[in-house]
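# Coordinate analysis (summary)
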Amino acid sequence: MAVDEPSRYTSSEDAARAVKEMLHELVRLTTLEEESPQSFKVRAYEKAGLAIESTTDDIRPLSASALAKLDGIGKSTAAKIRQFLDSGTVDKLDELREKYPREFAELAKIPGVGPKTLKAMRDKLGVQNLDDLRRALDEEEVRTLPRMGAASEAKIKQAIERLGLGGKDNRTPVADVMGIAERLVDRLSGHPNVADVTYCGSLRRMAETIGDVDITVASEQPEEVMSEVRKLPEVDELLLSGSTKTSFLTTTGLQVDVRVVEPDQFGAATLYFTGSKAHNIALRQRSIDRSLLLNEYGLFEVDDDGQQTLMAAKTEDEIYQALDMAVVPPPMREGTGEVQAAADGTLPDIIQREHIQGDLHYHTDRSGDGRSSLEEMVTSASNQGYRYLAITDHGEDLAINGSSQAEMEEHRQRIQELQPQFPKMRILFGCELNIGPDGGLDYEPDFRRQFEYTVASVHSHFDLSKEDQTQRLLNAIEDPTVNSIGHLTGRYIGRRPGIEIDYDEVIAALVANDVALEVNGALQRLDAASNVVRRAVEKGVKLVINTDSHHTSELGRMEYGVRTAQRGWAPRELVVNSWTEKKFMKWVQARR
Ligand code: DGT
Ligand code: CA
Ligand code: CA
Ligand code: ZN
């Protein structure tokens, strides 16, 4: 944990959160020191943490003896809290950190590795970090320790794999988080005591990787909600079990924090826990400038006697309105100018899911990797209320999954036959073209011209030089049969880096040729990335937000694509698939 200046605690809840974190660390390290989570000292820190959590007092001005008067806080812990508030450090904690460096202390996270075992590993086997432990496991040394055996070795090995430990950066790709978070929210929302529930934090901001999941629940019955949370099947290990907050590790090693708040304060809480921290700080500064106080409980007017009057707390929108500014969509809340823009009235008309009129990257089982039939895919798109749709099965150059010219001609026939059944939705005969290593595309130009719409993407040759990759894209962009560039880099978040390109050159070419840049909503991809989208938007590049669906279950990706575009500050007018059919078709045909 970073050392904080005392002045950084600009609010009482900030101070309380920092103190809680400090106590939590004391709990972890003292457990190692005492070789037991049940020790008197460990319990004292835990109780103090809960006391800080439940007090509504501002702890910043309290003396050590005043702190010790709070229910659950003993004298010695009170002195540590005071020292922490004054100096940002605690002597005892520094001492423990030195004795148990993070690399070593983190091994205690592994199920099956208790504090006694950990101590024996260090004393007898010289284990200081994960690499040492891996070695000791491989050499079957762990089984020589007391109470250990071959089975416990196997269990520890498996746990290390499952937790994905080892990387310096323990963040999880958003694709591995969204599903479980949506499931948890879903399950809790069905509970009779739950008035409202949403995930917040980096996930709601649509970050590419997630540290932990923050779920905020509105309920009058926090105890019952907490007990429901502890029973969730996703819970593998409880980390914190408080009256309004439960933290746990899922069976995949993902940390989830669930907090319960009063329904009347739900907006203030979701605003706070959605963050980002930088956005919160900018909002709080705006509040201070207007002599208001903003915290996780609400926006308050403070009079000269320090008396607080609530102005807004129930919804985020009310709070933004009371701060005299536009509502900022969650993905934009990164503290990169959005608060100023929302206050000045210069926030663009950001793209929303309900603006979307069509999907322009859509596969059927004509593609080797497509899993639903043409009829199923078209019906599902029509059920979304779309006004146009491009069927873009893979071109012939893609090994196994591509279609020959003859197959494509037959496909076009089937599309034409299907069209009359969908009078409200124009179905375009399209193709996902493959951009070859030198920028060449599938089929002869004459045949390519027969596609009513195309998306051209990189599916191979990921290891060319940056120069070659850039040239390859420029060649494709300049081809008059190309309407859009699909998943720009071909990355898989956290797994495959994608091609390296010169973004300025590619963006300039997209503008010059009036070719759209795809925002691919598949969670593994989210490509173009939001930071690239923002650069493209600044230059006026047109965008197209697609699902790249290969099955009818994948249409929900449109929402993630839209959020990624929002994160890139995409205005509605640049997103071609938010346009009317007439305007959209005019743009498509102008290219040909
Ligand atoms: P993550 O979990 O690393 O992917 O990123 P976040 O943004 O979800 O961060 P997390 O889980 O530590 O905290 C959730 C939100 O709570 C964060 O976005 C903003 C708010 N928050 C956390 N710590 C502070 C703080 O010290 N000051 C302020 N103003 N807000 C904070
Ligand atoms: Ca988080
Ligand atoms: Ca968190
Ligand atoms: Zn595709």
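### Points about the coordination of the calcium ion (ligand 2)
Distances from the calcium ion (ligand 2) to its protein donors, Asp212 (O), Asp212 (OD) and Asp214 (OD), fall at 2.2 to 2.5 Å. One can describe the site at the calcium ion (ligand 2) as irregular: its six donor atoms subtend angles covering 69 to 166° at the metal. The metal-metal distance between the calcium ion (ligand 2) and the calcium ion (ligand 3) comes to 3.7 Å, with Asp212 coordinating both.

### What to know about the coordination of the zinc ion (ligand 4)
A metal bound by six donors in octahedral fashion has ideal angles of 90 or 180 degrees, whereas one bound by four tetrahedral donors has an ideal angle of 109.5 degrees. Binding of the zinc ion (ligand 4) to the protein goes through His361 (NE2), His363 (NE2), Glu432 (OE) and Asp548 (OD), at separations of 2.0 to 2.3 Å. Taken together, the four donor atoms surrounding the zinc ion (ligand 4) define angles of 79 to 168° at the centre, an arrangement classified as irregular. Donor residues binding the zinc ion (ligand 4) come from one chain and are separated in sequence as H-x1-H-x68-E-x115-D. With a gap of 71 residues between them, His361 in the loop between β11 (358-359) and α17 (374-383) and Glu432 in strand β13 (residues 426-434) connect regions that are remote in the sequence. Classification of His361 by relative accessible area gives buried; the value is 0%.

### A closer look at helix α7 (residues 115-125)
For α7, the set of buried residues is Pro115, Thr117, Leu118, Ala120, Met121 and Leu125. Trailing α7 by a residue or two, Gly126 shows a phi angle of about 70°, which is positive.

### Quick look at the domain arrangement of the protein chain
Taken domain by domain, the protein chain holds domain 1 (12-99), domain 2 (102-162), domain 3 (172-261), domain 4 (275-344) and domain 5 (353-591). Taking the mean C-alpha position of each, domain 4 and domain 5 sit 39 Å from one another. Listed per partner, the contact involves eight residues of domain 4 and five residues of domain 5. The three residues of domain 4 that bury the most area against domain 5 are Pro331, Met332 and Thr336, which together make up 73% of that side's buried surface.

### A few points about the sheet that holds strand β10 (residues 308-312)
Pairing in this open sheet of three strands is antiparallel, and the strands run β8-β9-β10 from one edge to the other. Pairing within the sheet leaves two strands with one partner each, and these edge strands are β8 (292-295) and β10. Pairs of neighbouring strands in the sheet enclose a mean axial angle of 35°, with direction left out of account. Bridge count between strand β9 (residues 298-302) and β10: four bridges; the pairing is antiparallel. In the strand pairing of β10, Glu301 is matched with Thr309. Relative to the sheet, helix α14 (residues 277-289) contacts β8 and β9, its axis offset from that of β8 by approximately 160°.

### A few points about the site of ligand 1
Within the structure, ligand 1 sits among 18 residues, and Arg171, Ser202, Arg205, Gly211 and Asp212 are positioned closest to it. Separating a nitrogen atom of ligand 1 from a side-chain N or O atom of Asn280 is a distance of 3.3 Å. Protein coverage of the free-state accessible area of ligand 1, which is 600 Å², stands at 81%. Where the shell around ligand 1 is concerned, the elements lending two or more residues are α1 (12-34), α11 (201-204), α13 (266-274) and α14. Tallied by class, residues from the shell around ligand 1 come to three nonpolar, seven polar and eight charged.

### A short note on the nonpolar core
One finds Ile351, Val378, Leu473, Ile485, Leu488 and Ile545 to be the most contacted residues of the largest nonpolar core, which totals 78 residues. Each of domain 4 (275-344) and domain 5 (353-591) accounts for three or more of the residues forming this core. Ranked by size, the runner-up nonpolar core spans 47 residues in total, among them Leu23, Val42, Tyr45 and Ala120.

Thresholds applied
Residues numbered from 1 in each chain as written. Chains lettered and ligands numbered in written order. Predicted model: local features only at pLDDT ≥ 70, side-chain atom pairs only at ≥ 80, totals over all residues. Heavy atoms only, no water. Donors = N, O, S within 2.8 Å, 3.2 Å for Na, K, Ca; no water. Tetrahedral: all angles 85-135°; square planar, octahedral: opposite > 155°, others 65-115°. Helix = DSSP H or I, 4+ residues; strand = E, 2+ residues; numbered from the N terminus. Buried < 20%, exposed > 50% of the residue type's maximum accessible area, 1.4 Å probe, protein only. Domains from an automatic or database assignment. Contact = heavy atoms within 4.5 Å. Buried area = accessible area lost by both parts, 1.4 Å probe. Pairing = 2+ DSSP bridges. Axes fitted to C-alpha atoms, helices over the stretch in contact; angles between N-to-C directions. Near = heavy atom within 4 Å. Polar contact = N/O pair within 3.5 Å; in protein donor to acceptor, adjacent residues only side chain to side chain. Areas by Shrake-Rupley, 256 points an atom, 1.4 Å probe, with all protein chains shown as cover. Nonpolar A, V, L, I, M, F, W, Y, C, P; charged D, E, K, R; others polar. Core = buried A, V, L, I, M, F, W, Y, C linked by side-chain atoms within 4.5 Å.

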